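An overview of the molecular structure
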Amino acid sequence: MASDDILDFAGRALEIAIELSLPAVLTAVSVGLLVSIFQAATQVQEQTLAVVPKIIAVFLVLKVMGAQLFLKISDYATELLSQIEKTGS
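The text that follows walks through the structure, step by step, so that each part is easy to find. (Residues numbered from 1 in each chain as written. Predicted model: local features only at pLDDT ≥ 70, side-chain atom pairs only at ≥ 80, totals over all residues. Heavy atoms only, no water.)

It is worth spelling out the overall build of the protein at this point. In terms of helices and strands, the protein carries 2 helices and 0 strands. Against the 2.2 N^0.38 benchmark of 12 Å for 89 residues, the protein shows a C-alpha radius of gyration of 19 Å, more extended than a compact globule. Each principal axis of the C-alpha atoms in the protein carries an extent, and together these give about 65 × 25 × 15 Å. A buried classification covers 17% of the 89 residues belonging to the protein. As displayed, the protein has an accessible area near 6500 Å², and 70% of this comes from carbon and sulfur atoms. Where the 5 positive side-chain charges of the protein centre and where its 9 negative ones centre are 10 Å apart. (Helix = DSSP H or I, 4+ residues; strand = E, 2+ residues; numbered from the N terminus. Rg over C-alpha atoms; globule rule 2.2 N^0.38 Å. Buried < 20%, exposed > 50% of the residue type's maximum accessible area, 1.4 Å probe, protein only. Areas by Shrake-Rupley, 256 points an atom, 1.4 Å probe, with all protein chains shown as cover. Lys, Arg positive; Asp, Glu negative; His and termini not counted. Charge placed at Lys NZ, Arg CZ, Asp CG, Glu CD.)

As structure tokens, then:
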């Protein structure tokens, strides 16, 4: 396997890592923003109010999108392993 191939697969791995984490991160940021607006409007500064909704929202997003995310990572792993097998022969 040439160094160019290795760099391509490493770059693709980073792209997939970003794609896989993006739904959870965007959900946590969105819920955090909504909770902070609520806290600012009501003057309620409870720490659990900021954390618990984010945990629940991220869990729900991962539950809904888990199959799609798993397919994406398994496709990449299959592609990587087949490429390694080709170059090993």
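Turning next to the environment of Lys72. Structurally, the position occupied by Lys72 is in helix α2 (residues 47-88). Expressed as a C-alpha distance, the spacing of Lys72 and Val31, which sit 41 residues apart in the sequence, is 25 Å. Sequence-distant contacts of Lys72, that is, excluding residues within four places in its chain, are made with Glu19 and Leu20. (Contact = heavy atoms within 4.5 Å.)

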